[in-house]
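The residues making up each chain are set out below.
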Protein chains: 2
Amino acid sequence: PDDEVRERAIARHAQLTKPAGSLGRLEELGAWIAACQGTCPPKPFERARVVVFAGDHGIAAEGVSAYPSEVTAQMVANFLAGGAAVNVLAAAAGATVRVADIAVAGETAPMVSKYKVRTSSGLIDREDALSAEETAAALRAGREIADEEIDGGADILVAGDMGIGNTTPSAVLIAALTGTEPVAVVGRGTGIDDQGWIRKTAAIRDALRRARKVGADPVGLLRTAGGADIAAMAGFLAQAAARRTPVVLDGVVVGAAAMVAEEMAPGSREWWVAGHRSVEPAHTVVLDHLDLKPILDFGMRLGEGSGALTALPVLSAATKILAEMATFADAGVSGG
Amino acid sequence: PDDEVRERAIARHAQLTKPAGSLGRLEELGAWIAACQGTCPPKPFERARVVVFAGDHGIAAEGVSAYPSEVTAQMVANFLAGGAAVNVLAAAAGATVRVADIAVAGETAPMVSKYKVRTSSGLIDREDALSAEETAAALRAGREIADEEIDGGADILVAGDMGIGNTTPSAVLIAALTGTEPVAVVGRGTGIDDQGWIRKTAAIRDALRRARKVGADPVGLLRTAGGADIAAMAGFLAQAAARRTPVVLDGVVVGAAAMVAEEMAPGSREWWVAGHRSVEPAHTVVLDHLDLKPILDFGMRLGEGSGALTALPVLSAATKILAEMATFADAGVSGG
């Protein structure tokens with residue numbers, strides 16, 4: 001983002017008909033969007049897009065989720081039919097939805113499987129999630145999807161996730177990149193019971209032992225302990241930043257991808273805002289590590305981009321404040 | 001709100017295509033709207049209305065604000081011209097704006113002065129804010145405005161405030177109703193300096209000494225230490241509750257009126273949600289006292305309904321989730 005434009009936005013805020021600074025975080029967010037767009041006042045969003053990256057995870061077979069893997073493909077169909085939370089929240093926020101099957105175990109509609117890299121990712125507690133070629137293909141898929149969206153006019157992006165078991169590799173990646181212990185990153189995901197929690201913690205521990213062999217190499221981590229969907233999200237987030245397009249981050253899975261993307265392309269995080277703070281403990285580790293302050297703290301844990309989309313209207317309002325409010329001079333109000 | 005409908009909304013949430021409870025606070029808010037409407041699924045809002053109650057305060061002459069009283073009438077003109085934060089945020093949230101001059105010092109357009117009770121309210125550190133008749137007239141004005149809006153089809157209401165000096169009587173009312181000391185309720189308002197803070201604290205202390213003579217009588221407090229605009233807001237909030245219409249509360253001034261309304265008509269608070277937590281310290285006293293959990297914590301301190309309107313799209317999204325998402329059975333997804 002352009003710091004000179006950010007300064008101009010802050011100066012403009014002081015001329016709008018309100019006490020200086022009285023809109024608090026809304027002023028910060030508006031100035032950030034202006035800096036991302038490189039223009040002040042910023043332009044209200046014209047094409048907000050959410051891309052849901054879908055993929056299954058071999059580790060789900062070990063009972064780390066409350067749902068079976070078949071739900072991933074069923075939910076992809078639900079997204080296409082318009083019945084899921086992401087559809088409702090996107091419509092409410094003025095955004096449209098794209099679904100990308102990167103590694104769903106089952107079959108999905110041809111319109112969403114163009115970038116499919118493989119069928120499910122590996123059992124990360126005993127094998128690599130992906131081959132080196134698959135990792136590269138998934139990263140490339142994410143970058144290409146970002147390019148397509150930005151070339152298509154998207155001016156604000158959201159990444160969402162769908163994949164039974166995906167909080168397990170996410171927790172591993174976050175633990176590996178921050179030196180955190182398994183018990184501090186394991187969460188209840190979709191709602192596992194205590195036995196499931198124990199299985200999940202053991203899976204994270206074993207996968208983390210394998211992951212630590214690659215050190216801090218972000219691409220190596222995606223290959224060893226990530227998954228194709230998470231790699232694609234990382235590519236998408238890094239490319240959005242390279243293309244100077246702001247992104248609203250969602251919860252722990254997108255957060256794990258964001259941490260990897262920041263390692264691959266340092267400074268990318270300047271182009272991201274945190275939509276919310278998830279209940280997953282590893283998500284708070286991500287927010288602290290990336291120094292991102294969530295817009296909402298709503299106890300959400302769905303994924304699909306749901307938290308980001310719930311926050312998007314707030315970001316949109318922040319943009320409109322700078323674009324549409326009168327100045328003291330315009331309005332003939334004293335004290336500007 | 002209807003508890004039986006709330007239970008039905010909670011049961012419906014468990015059938016929608018997402019893990020039970022995974023939308024966190026968004027689920028609570030949706031269930032609350034269903035309970036307010038007495039129907040599940042709830043209907044998305046069709047007519048969101050914000051009413052900005054404008055009034056001046058004699059105490060402003062004592063230097064408790066960073067702005068002169070003339071700004072109140074100038075801002076009313078700005079609201080009518082569409083250039084203020086409330087206009088931009090209302091439009092962004094799909095709401096429309098009504099302005100009611102209850103006690104502005106200067107002259108305002110006839111279309112907004114129908115309910116004007118007097119010109120500015122009294123210097124509360126030495127005299128009553130209002131006569132008994134004026135207090136009754138202001139309460140009645142607020143109730144009538146609520147009736148007009150609800151009869152006109154409003155299904156969600158926001159109260160906003162505009163009035164230089166209005167955080168001073170608000171702090172006094174909040175302190176009087178909660179037994180809080182002046183230094184714990186005084187804030188920077190529009191942005192006063194340290195000298196202004198000292199003057200404001202002294203004004204609150206002196207007004208509180210007068211207010212304590214009426215004890216906990218809410219109407220007596222409005223008369224002694226409130227103001228016509230705040231009394232009108234209290235009438236509006238109590239009447240909205242009586243008419244079973246949900247309200248999104250704003251910051252400290254609306255919060256003071258809400259505390260008074262809850263004293264006048266206990267249980268009214270069940271019909272309100274807190275849009276945000278203001279930086280004014282007295283606002284946190286209000287939220288704790290009314291046991292309301294803010295949607296946003298954004299460091300805002302503008303008034304005008306700005307915090308409530310920034311949060312309104314979140315409430316709207318919560319309503320749509322219950323109204324529009326597919327169930328597990330509809331979508332053919334396993335695990336419902």
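What counts and what doesn't
The residue numbering used here restarts from 1 in each chain and proceeds along that chain's sequence as written. Going through the entries in the order they are written, you letter the chains from A and number the ligands from 1. Local features in this predicted model are restricted to residues of pLDDT 70 or higher, and side-chain atom pairs are both shown and tallied only at a pLDDT of 80 or more, whereas totals for entire chains, interfaces and linings draw on every residue. Side-chain measures were taken over the full set of non-hydrogen atoms in the model, leaving aside hydrogen atoms and water. Contacts between residues were defined by any pair of non-hydrogen atoms, one from each residue, lying within 4.5 Å. Buried area: the sum, over both parts, of the accessible surface (1.4 Å probe) that disappears when the two are put together. For this document, the term salt bridge refers to a Lys or Arg side-chain nitrogen within 4 Å of an Asp or Glu carboxyl oxygen. By the criterion applied in these results, polar contacts are pairs of N or O atoms within 3.5 Å in which, for protein atoms, one can donate a hydrogen and the other can accept it, and in which residues neighboring in sequence qualify only through two side-chain atoms. Numbering of helices and strands starts at the N terminus; helices are DSSP runs of H or I of at least 4 residues and strands are runs of E of at least 2. Under this grouping Gly is polar, as are all residues other than the nonpolar Ala, Val, Leu, Ile, Met, Phe, Trp, Tyr, Cys and Pro and the charged Asp, Glu, Lys and Arg. A least-squares fit on C-alpha atoms brings the copies together, and the residues used are those whose pLDDT is at least 70 in both copies. Here a Phe, Tyr or Trp ring, Trp counted by its six-membered ring, pairs with any other such ring whose centre lies within 6.5 Å, and the pair is stacked when the planes are under 30 degrees apart, edge-to-face when over 60, and tilted otherwise. For the exposure calls, accessible area comes from a 1.4 Å probe over protein chains only, and a residue counts as buried if that area is under 20% of its type's maximum, exposed if over 50%, partly exposed in between. Two strands qualify as a pair provided that DSSP identifies no fewer than 2 bridges between them. Here the axes come from fitting lines to C-alpha atoms, over the contacting stretch only for helices, and the angles between their N-to-C directions go from 0 to 180 degrees. Take the number of residues in a helix, subtract one, and multiply by 1.5 Å to get its expected span. By convention, orient the strands away from the viewer: a clockwise path from the first strand over the helix to the second makes the crossover right-handed. Residues belong to a common nonpolar core when they are buried Ala, Val, Leu, Ile, Met, Phe, Trp, Tyr or Cys residues joined through side-chain atoms within 4.5 Å. UniProt positions are given in the numbering used here, feature names are shortened, and annotations may be inferred rather than shown by experiment.

*Asks:* Explain the interface of chain A and chain B here, please?
*Replies:* Accessible area lost upon the coming together of the parts serves often as the stated size of an interface. Across the contact, 48 residues belong to chain A and 48 residues belong to chain B. Here chain A and chain B share an interface that buries about 3800 Å² over both sides, 68% of which is from carbon and sulfur atoms. Along the contact surface separating chain A from chain B lie 0 salt bridges. Counting across the chain A and chain B interface gives 14 residue pairs in polar contact (both at pLDDT 80 or more). Within the residue set of the side of chain A that touches chain B, elements represented by two or more residues are α2 (25–37), α3 (70–81), α4 (85–93), β7 (296–300), α13 (306–324) and α14 (328–331) of chain A. In terms of residue class, the side of chain A that touches chain B is built from 27 nonpolar, 14 polar and 7 charged.

*Asks:* Can you help me understand the relation of the copies chain A and chain B in this one?
*Replies:* The two chain copies are connected by a rotation around an axis plus a translation along it. The operation relating chain A to chain B is a screw motion whose rotation component is 180 degrees, with 0.0 Å of axial translation and a residual RMSD of 0.0 Å. The symmetry that links the two subunits is that of a two-fold axis. When you check the interface residues of chain A against chain B, 100% turn up at the interface there too, and the contact is symmetric in its surfaces.

*Asks:* So what exactly am I meant to see when it comes to the packing of aromatic side chains here?
*Replies:* Two aromatic rings are characterised by how far apart their centres lie and by the angle between their planes. Residue and element names in this part refer to chain A. Under the counting rule described, the total for this entry stands at 2 aromatic pairs over all chains. Measuring from centroid to centroid gives 5.2 Å for phenylalanine 53 and phenylalanine 236, while their planes differ by 65 degrees, and the two rings are edge-to-face. Taken together, the residues phenylalanine 53 in strand β1 (residues 48–55) and phenylalanine 236 in helix α10 (residues 228–242) connect sequence positions 183 residues apart. Neither residue differs from the other here; phenylalanine 53 and phenylalanine 236 are each classed as buried.

*Asks:* In this structure, what is going on with the sheet that holds strand β2 (residues 95–103) of chain A? I would like to understand it.
*Replies:* Strand pairing in a sheet relies on backbone hydrogen bonds, with the paired strands running either antiparallel or parallel. All names here are of chain A. Spatially, β2-β1-β3-β4-β5 is the arrangement adopted by the 5 strands of the open sheet, whose pairing is parallel. The open sheet is flanked by β2 and β5 (272–274), the only strands paired with a single partner. Along the sheet, successive strands turn relative to each other by an average axial angle of 25 degrees, direction set aside. Pairing between β1 and β2: 8 bridges, direction parallel. Residue pairing for β2: alanine 48 is matched across the bridge by alanine 95. Docked against the sheet, helix α5 (residues 132–151) engages β1, β2 and β3 (156–162), running at close to 160 degrees with respect to β2.

*Asks:* I'm lost on helix α9 (residues 218–225) of chain B in this one. Help?
*Replies:* The periodicity of an α-helix, 3.6 residues per turn, causes residues three or four positions apart to be oriented the same way. All names here are of chain B. Of all 8 residues in α9, 6 are buried; the element is thus mostly enclosed. When α9 is considered as a whole, its buried residues turn out to be Pro218, Gly220, Leu221, Leu222, Thr224 and Ala225. Contacts made by the buried residues of α9 are with α5 (132–151), α6 (167–178), α8 (194–211), α10 (228–242) and α11 (252–264).

*Asks:* Explain the pattern of salt bridges to me, please; I cannot follow it from the model alone.
*Replies:* Two side chains bearing opposite charge may form a pair once their charged atoms approach each other closely. Inspection of the entire model under this criterion finds 46 salt bridges over all chains. Salt bridges linked by common partners bring A:Arg49, A:Arg98, A:Lys114, A:Glu148 and A:Glu149 together as one network.

*Asks:* Could you clarify how one ought to interpret the sheet that holds strand β1 (residues 48–55) of chain B in this entry?
*Replies:* Residues and elements named next belong to chain B. Ordered in space as β2-β1-β3-β4-β5, the 5 strands form an open sheet in which the pairing is parallel. Looking along the sheet, the strands with just one partner apiece sit at the ends: β2 (95–103) and β5 (272–274). Across the sheet, the mean angle separating the axes of adjacent strands is 25 degrees when strand polarity is ignored. Relative to strand β3 (residues 156–162), β1 is paired through 7 bridges, and the arrangement is parallel. Bridging from a neighbouring strand, alanine 48 pairs with isoleucine 156 of β3. In this fold α11 packs onto β3, β4 (247–249) and β5, with an angle of close to 120 degrees to the strand it touches most, β3.

*Asks:* Would you mind going over α10(B) with me for this structure?
*Replies:* Residue and element names in this part refer to chain B. Look at α10: 21 Å from first C-alpha to last across 15 residues, which is about the 21 Å you get at 1.5 Å a residue. Across the 15 residues that make up α10, a large majority, 14, are buried. Just past α10, the residue arginine 244 takes up positive phi, approximately 60 degrees.

*Asks:* Would you mind going over the pairing of strand β7 (residues 296–300) of chain B with me for this structure?
*Replies:* Look at any regular strand and the pattern is simple: side chains alternate between the two faces of the sheet. Residue and element names in this part refer to chain B. Going residue by residue along β7, you find Leu296, Phe298 and Met300 tucked away on one face and Asp297 and Gly299 left uncovered on the opposite face. The sheet contact formed by strand β6 (residues 276–278) and β7 spans 2 bridges and is parallel. Looking at the pairing, serine 278 lines up with methionine 300 of β7. The parallel pair β6 and β7 is bridged by helix α12 (residues 281–290), and the resulting crossover is right-handed.

*Asks:* For this particular structure, what's the right way to read the nonpolar core?
*Replies:* It is characteristic of soluble globular proteins that their nonpolar side chains tend to be buried jointly. Of all hydrophobic cores here, the largest spans 253 residues; its most connected members are A:Leu237, A:Leu312, A:Leu315, B:Leu237, B:Leu312 and B:Leu315. Beyond its immediate chain neighbours, meaning those up to four positions away, B:Leu237 contacts B:Ala159, B:Val247, B:Leu249, B:Val254, B:Ala257, B:Ala258, B:Ala261 and B:Trp272.

*Asks:* How should I be thinking about unusual backbone geometry in this particular structure?
*Replies:* Note: most residues except glycine have negative phi, and most peptide bonds are trans. That bond from A:Cys40 to A:Pro41 is cis: its omega, 0 degrees, falls within 30 degrees of zero. Looking at the element boundaries, A:Pro41 is found in the loop between α2 and β1. The phi angle at A:Glu304 is positive, at roughly 70 degrees, despite the residue not being glycine. Note that A:Glu304 resides in the loop between β7 and α13. Unusually for a residue other than glycine, B:Ser120 sits at a positive phi of about 60 degrees. Under the relative-accessibility criterion, B:Ser120 is labelled buried at 12%.

*Asks:* Just checking my understanding: could you explain the environment of A:Gln37 for this structure?
*Replies:* Note that A:Gln37 resides in helix α2. Distance from A:Gln37 to A:Ile145, taken between C-alpha atoms, is 20 Å for residues 108 residues apart in sequence.

*Asks:* In this structure, what is going on with the UniProt feature "active site" (unreviewed entry) in chain A? I would like to understand it.
*Replies:* Here the UniProt-annotated "active site" (unreviewed entry) positions come out as A:Glu304. Here A:Glu304 is in contact with A:Val50, A:Val52, A:Met75, A:Phe79, A:Ala84, A:Ala85, A:Val86, A:Gly160, A:Asp161, A:Met162, A:Asp250 and B:Thr17, once residues within four sequence places are set aside. Looking at A:Glu304, its side chain comes within polar contact range of the main-chain nitrogen of A:Val86, at 3.1 Å.

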